[in-house]
Amino acid sequence: EKEARQIGAVLVERQAAACVNILPGLTSIYRWEGKVHQDPEVLALIKTTRGTYPQLEALILELHSYDEPELIALPVEAGSQGYLSWVMGQVSA
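Note that the structure is predicted; figures quoted are calculated from it, not measured.

Further remarks concern helix α1 (residues 2-13). Its 12 residues give α1 an end-to-end C-alpha distance of 17 Å, which sits within 8% of 16 Å, the value for a rise of 1.5 Å per residue. Regarding α1, the residues found buried are Ala4, Ile7, Gly8, Val10 and Leu11. Take α1 and look down its axis: the buried residues cluster within an arc of 160 degrees, on one side only. When the buried face of α1 is taken as reference, the exposed residues oriented beyond 90 degrees from it are Lys2, Arg5 and Glu13. Structurally, α1 contributes buried residues whose contacts are with β1 (19-32), β2 (35-47) and α2 (53-63). Residue Gln15 follows α1 closely and has a positive phi angle near 60 degrees.

What follows is the structure, encoded as structure tokens:
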């Protein structure tokens, strides 16, 4: 959680993200290097724009302690105009 907070703060400070929600208390079950692992993890939901995503990804890869952090982008199908405008105004691209 501490690392997620640190990375989230950098993302917002550098205008790569408008907002980062940190959700602790998750358990991930996954296969890595031929073994099945079950570990506690933290999920971060990061709000940015398509144009800012490359900057955001580069920062996360630079700052994250994992060899391969989970980075997936989901499209926004709909949202309140005010919130979406706010997100666009908070990021650098």
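The next point concerns the packing of aromatic side chains. For the structure on display, the rule yields one aromatic pair. For the ring pair Tyr83 and Trp86, a centre distance of 5.6 Å and an interplane angle of 35 degrees mean the geometry is tilted. In this pair, Tyr83 and Trp86 both sit in helix α3 (residues 81-90), three residues apart, roughly one turn of the helix. The exposure class assigned to Tyr83 is partly exposed, which follows from its relative accessible area of 35%.

Turning our eyes to something else, we now look at the nonpolar core. Ile7, Leu11, Ala16, Ala17, Val20, Leu56, Leu59 and Ile60 together form the largest nonpolar core, which totals eight residues. Of all the secondary structure elements, the ones that give two or more residues to this core are α1 and α2. The dominant element in this core, judged by the number of residues it contributes, is α2, at three residues. Contact partners of Ile60, with chain neighbours within four places excluded, come to Ile7, Leu11, Ile46, Pro69 and Leu71.

Once that is clear, we can look at the side chain of Thr49. Counting through the fold element by element, Thr49 comes out in the loop between β2 and α2. Here Thr52 takes part through its side chain, which lies 2.8 Å from a polar atom of the side chain of Thr49.

For the rest of this paragraph, the subject is the packing of α1 against α2. For the pair α1 and α2, interaxial distance at closest approach is 10 Å and the crossing angle is 145 degrees. Remark: the crossing between α1 and α2 carries right-handed chirality. Between α1, through Glu3, Ile7, Val10 and Leu11, and α2, the contact on the second element is made entirely by Leu56, Leu59, Ile60 and Leu63. Residue classes in the contact of α1 with α2 are distributed as seven nonpolar, no polar and one charged.

Moving on to a nonpolar patch on the surface. On the surface, Leu23, Leu26, Leu43 and Leu45 cluster together into a nonpolar patch covering about 280 Å² of accessible area. Broken down by secondary-structure element, the contributors of at least two residues to the nonpolar patch are β1 and β2.

Cut-offs used in this document
- Note on numbering: residues in each chain are counted from 1, in written sequence order.
- Reporting of local features is limited, given that this is a predicted model, to residues whose pLDDT is at least 70; pairs of side-chain atoms are given and counted only at 80 or more, and all residues count toward the totals for whole chains, interfaces and linings.
- Note: side-chain values were computed over all heavy atoms of the structure, leaving out hydrogens and water.
- Strands here are runs of E lasting at least two residues and helices are runs of H or I lasting at least four, both read from the DSSP assignment and numbered beginning at the N terminus.
- In a helix, the anticipated span is given by 1.5 Å times the number of residues less one.
- Here's how the labels work: a residue is buried when its accessible area is under 20% of the maximum for its type, exposed when over 50%, partly exposed in between, all with a 1.4 Å probe on protein chains only.
- Relevant arc is that of directions from the helix axis to the C-beta atoms, nothing else.
- Contacts are assigned to residue pairs that have any heavy atoms within 4.5 Å of one another.
- Stacked, edge-to-face and tilted labels apply to pairs of Phe, Tyr and Trp rings (six-membered ring for Trp) whose centres lie within 6.5 Å, assigned for plane angles under 30 degrees, over 60, and everything in between, in that order.
- Put simply, a nonpolar core is a bunch of buried Ala, Val, Leu, Ile, Met, Phe, Trp, Tyr and Cys residues held in one set by side-chain atoms that sit within 4.5 Å of each other.
- Here a polar contact is recorded for every N or O atom pair within 3.5 Å, except that within protein the pair must consist of a potential hydrogen donor and a potential acceptor, and residues adjacent in sequence are included only if both atoms are side-chain atoms.
- Only the contacting stretch of a helix is used when fitting its axis, a line to C-alpha atoms as for every element, and angles between N-to-C directions run 0 to 180 degrees.
- Note: crossing handedness is left-handed where the near helix turns anticlockwise from the far helix by less than a right angle, and right-handed where it turns clockwise.
- Think of it as three bins: nonpolar holds Ala, Val, Leu, Ile, Met, Phe, Trp, Tyr, Cys and Pro, charged holds Asp, Glu, Lys and Arg, and polar takes everything else, Gly as well.
- Residues enter patches when they are more than 30% accessible in relative terms and free of salt bridges; like-charged ones are connected within 9 Å and nonpolar ones (Val, Leu, Ile, Met, Phe, Trp, Tyr) within 5 Å.
- For the area figures, the Shrake-Rupley method with a 1.4 Å probe applies, and any residue is considered shielded solely by the protein chains shown.
- Think of a salt bridge as a Lys or Arg side-chain nitrogen and an Asp or Glu carboxyl oxygen that are within 4 Å of each other.

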